Amino acid sequence: VIRCGAAVAWAVGKPLSVEEVEVAPPKAGEVHVKIVATGICCTDEHLLEGCLPDADFPVIPGHEGAGIVKSVGEGVTSVKPDNTHTHKYTPRIQLSNQVLLGSTFRACPERGTQHGMCIIPGDKVIPLCLPQCGECSFCLNPKSNYCLKSHVSEPQNLLPDKTSRFTCKGKRIHHFLWVSTFAEYTGILEYAVAKIDAAAPLDKVCLLGCEFSTGYGTAINTTKAPTCTVFGIGGVGLSVVMGCKAAAASRIIAVDINKDKFARAKELGATDGISPWDFKKPIEEVLTEMTGYGVDDSFEVIGHADTMAAALASCNINTGICVMVGVPASGSAISVDPMLLLCGHTWKGTLLRGWKMRDFIPKLVSSYLEKKFNSDLLLTHTLPIAKVNEGFELLCAGK
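Residues numbered from 1 in each chain as written. Predicted model: local features only at pLDDT ≥ 70, side-chain atom pairs only at ≥ 80, totals over all residues. Heavy atoms only, no water.

Novice: Got a minute to help me understand unusual backbone geometry in this structure?
Specialist: With an omega dihedral of -5 degrees, the bond running from Phe-57 to Pro-58 counts as a cis peptide bond. Mapped onto the secondary structure, Pro-58 falls in the loop between helix H1 (42-49) and strand S4 (64-72). With a phi close to 50 degrees, Leu-177 is a non-glycine residue in the positive phi region. Structurally, the position occupied by Leu-177 is in the loop between strand S9 (171-173) and strand S10 (185-189). Its relative accessible area of 13% is what places Leu-177 among the buried residues. With a phi close to 70 degrees, Ala-248 is a non-glycine residue in the positive phi region. Among the structural elements, Ala-248 can be located in the loop between helix H5 (235-246) and strand S13 (251-255). (Helix = DSSP H or I, 4+ residues; strand = E, 2+ residues; numbered from the N terminus. Buried < 20%, exposed > 50% of the residue type's maximum accessible area, 1.4 Å probe, protein only.)

Structure representation (structure tokens):
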């Protein structure tokens, strides 16, 4: 049993509490990862607000991390116990635009490799909030990036054997999306980690576990036309902006009620920045007037029903594509004019861009090291883990 620090959410709406927790040894098919860096995503805030379905408290949040393999459970073939990393990291946290980053606080050679990786002691890995077992019908479908062992099918508050590896003060602490990266050590399924290049700086590439891969990937996978609009320019929204620029969009309109964000958005590729509060008419009408017939591609990165409807209505009436990136609160409903779809609009959602994450994350990290993009531009602050709640305050303030 490992005793280590972790940020625990004891109840909905309550601040996180940094506690000493016990982490049970990994069971069959599990991996112990020492978390070196982690980020706060708005999804973590949704969890604390009680907006996510099937969430149980107390819980250790966090799903955007990076770390080093420490030990493994029985039957694990792609990783082995790490006896070389015995030091304890000093908890610290970094902050990016609306994302908090924290710092701490299959197959073996004789069987070949699965997903092109063979993990050995001390390997750097990124935990996957969307696992890839490689065996279910969804994983075997080249068009799908879901996995039947993920939260898409059932809650990930406990590991598959319906138990938790975390306890604190004699109480069971729940996992979050199986990864719980707000803990110094965490127990993760073997198929929910991706080995990355040993040269990768963990306090930078942890963003690739969710924020950057979601935003940047969605844009480069969607944008084929010159005009785009991005609703919400926090960390994920700015990543969308960067992706649209990389996809050669000539006009990128950033939409946000916080006009202080526009300068950074323009640094990263936005050509315009507008706030709905500056207009008396609906923002979709403003965008249609600005572009003539609506934008070619629209990205909603907030997760509100009204902005989702506005994003769809702002698209070109015949060929426009609207992508839902933001996570809506549980129970949300959207009212739209069906004629928008009948006329030819395409409206779709995305989960981590649609990539199979265990296959893709190593490639994305390699691209980062090759300087094909600079996600470091999203980073703004470094904080100790003891100030995790301050980090959430900065997140909610859009700083």
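So, next bit.
Novice: Looking at this model, I keep getting lost on the pattern of salt bridges. Mind explaining?
Specialist: Opposite charge on two side chains permits pairing when their charged atoms draw close. Evaluated as defined, the whole model comprises 12 salt bridges. Note that Asp-123 and Lys-195 form a salt bridge whose closest N and O atoms lie 3.9 Å from each other. Here Asp-123 is found in the loop between strand S6 (99-103) and strand S7 (124-127), whereas its partner Lys-195 is found in strand S11 (residues 193-195), with 72 residues between them in sequence. Asp-123 sits in the buried class, given a relative accessible area of 10%. The salt bridge involving Asp-278 is made with Lys-259; its shortest N-O contact spans 3.3 Å. Of this pair, Asp-278 sits in the loop between strand S14 (272-274) and helix H7 (283-291) while Lys-259 sits in the loop between S13 and helix H6 (262-267); the two residues are 19 residues apart in sequence, bridging distant segments of the chain. Judged by relative accessible area, Asp-278 falls into the partly exposed class, the value being 46%. Residue class for Lys-259 comes out partly exposed when judged on its relative accessible area of 46%. Bridged by salt links that share partners, the residues Lys-27, Glu-30, Asp-161 and Arg-165 form one connected network. (Salt bridge = Lys/Arg side-chain N within 4 Å of Asp/Glu carboxyl O.)

Novice: Honestly, the packing of helix H4 (residues 211-222) against H5 in this entry has me stumped. Any pointers?
Specialist: It is at 7 Å that the axes of H4 and H5 come closest, and there the two elements cross at 35 degrees. Where H4 crosses over H5, the handedness of that crossing is right-handed. On H5, the residues touching Glu-211, Phe-212, Thr-214, Gly-215, Tyr-216, Ala-219 and Ile-220 of H4 are Gly-235, Val-236, Ser-239, Val-240, Met-242, Gly-243, Cys-244 and Ala-246. Grouping the constituent residues of the contact of H4 with H5 by class yields 9 nonpolar, 5 polar and 1 charged. (Axes fitted to C-alpha atoms, helices over the stretch in contact; angles between N-to-C directions. Left-handed = near helix turned anticlockwise from the far one by under 90°. Contact = heavy atoms within 4.5 Å. Nonpolar A, V, L, I, M, F, W, Y, C, P; charged D, E, K, R; others polar.)

Novice: What is the right way to look at the packing of aromatic side chains in this model?
Specialist: Aromatic ring pairs are described here by two measures, namely the spacing of the ring centres and the angle between the planes. With the rule as written, the count across this model stands at 8 aromatic pairs. Ring centres 6.3 Å apart and planes at 70 degrees place the aromatic pair Phe-182 and Phe-392 in the edge-to-face group. Here Phe-182 is found in the loop between S9 and S10, whereas its partner Phe-392 is found in helix H11 (residues 388-396), with 210 residues between them in sequence. In this structure, Phe-182 and Phe-392 share a single accessibility class: buried. Taking 3.4 Å as the distance between ring centres and 15 degrees as the angle between the ring planes, the aromatic pair formed by Trp-355 and Phe-360 counts as stacked. Assessed through its relative accessible area of 12%, Phe-360 is described here as buried. Grouping aromatic residues by their ring pairs yields a cluster made of Phe-212, Tyr-216, Tyr-368 and Phe-373. (Phe/Tyr/Trp six-rings, centres within 6.5 Å; stacked < 30°, edge-to-face > 60°.)

Novice: Would you mind showing me how to read the sheet that holds S14 here?
Specialist: Strands belonging to one sheet form pairs held by backbone hydrogen bonds; the direction of such a pair is parallel or antiparallel. With parallel pairing, 6 strands are arranged side by side in an open sheet as S14-S13-S12-S15-S16-S17. Single-partner strands in this sheet number two, and they are S14 and strand S17 (346-349). Pairwise comparison of adjacent strand axes, ignoring direction, gives a mean angle of 15 degrees for this sheet. Note that S13 and S14 share 3 bridges and pair parallel. (Pairing = 2+ DSSP bridges.)

Novice: Explain the nonpolar core here, please?
Specialist: Side chains of a nonpolar character, in soluble globular proteins, are inclined to be buried together. In terms of nonpolar packing, the biggest core is built from 97 residues, with Val-205 and Phe-299 touching the most fellow members. Discounting chain neighbours no more than four positions away, the residues touching Val-205 are Ile-126, Ile-196, Ala-200, Val-365 and Tyr-368. Residues Leu-287, Ala-311, Leu-312 and Cys-315 belong to the second largest nonpolar core, which totals 14 residues. (Core = buried A, V, L, I, M, F, W, Y, C linked by side-chain atoms within 4.5 Å.)

Novice: Help me out: how do you make sense of the environment of His-345 in this one?
Specialist: Turning to its location among the elements, His-345 is positioned in the loop between helix H9 (338-342) and S17. Along the backbone, His-345 and Asn-318 are 27 residues apart, and their C-alpha atoms lie at a distance of 5.6 Å. A distance of 2.6 Å separates a polar atom in the side chain of His-345 from the backbone oxygen of Leu-340. (Polar contact = N/O pair within 3.5 Å; in protein donor to acceptor, adjacent residues only side chain to side chain.)

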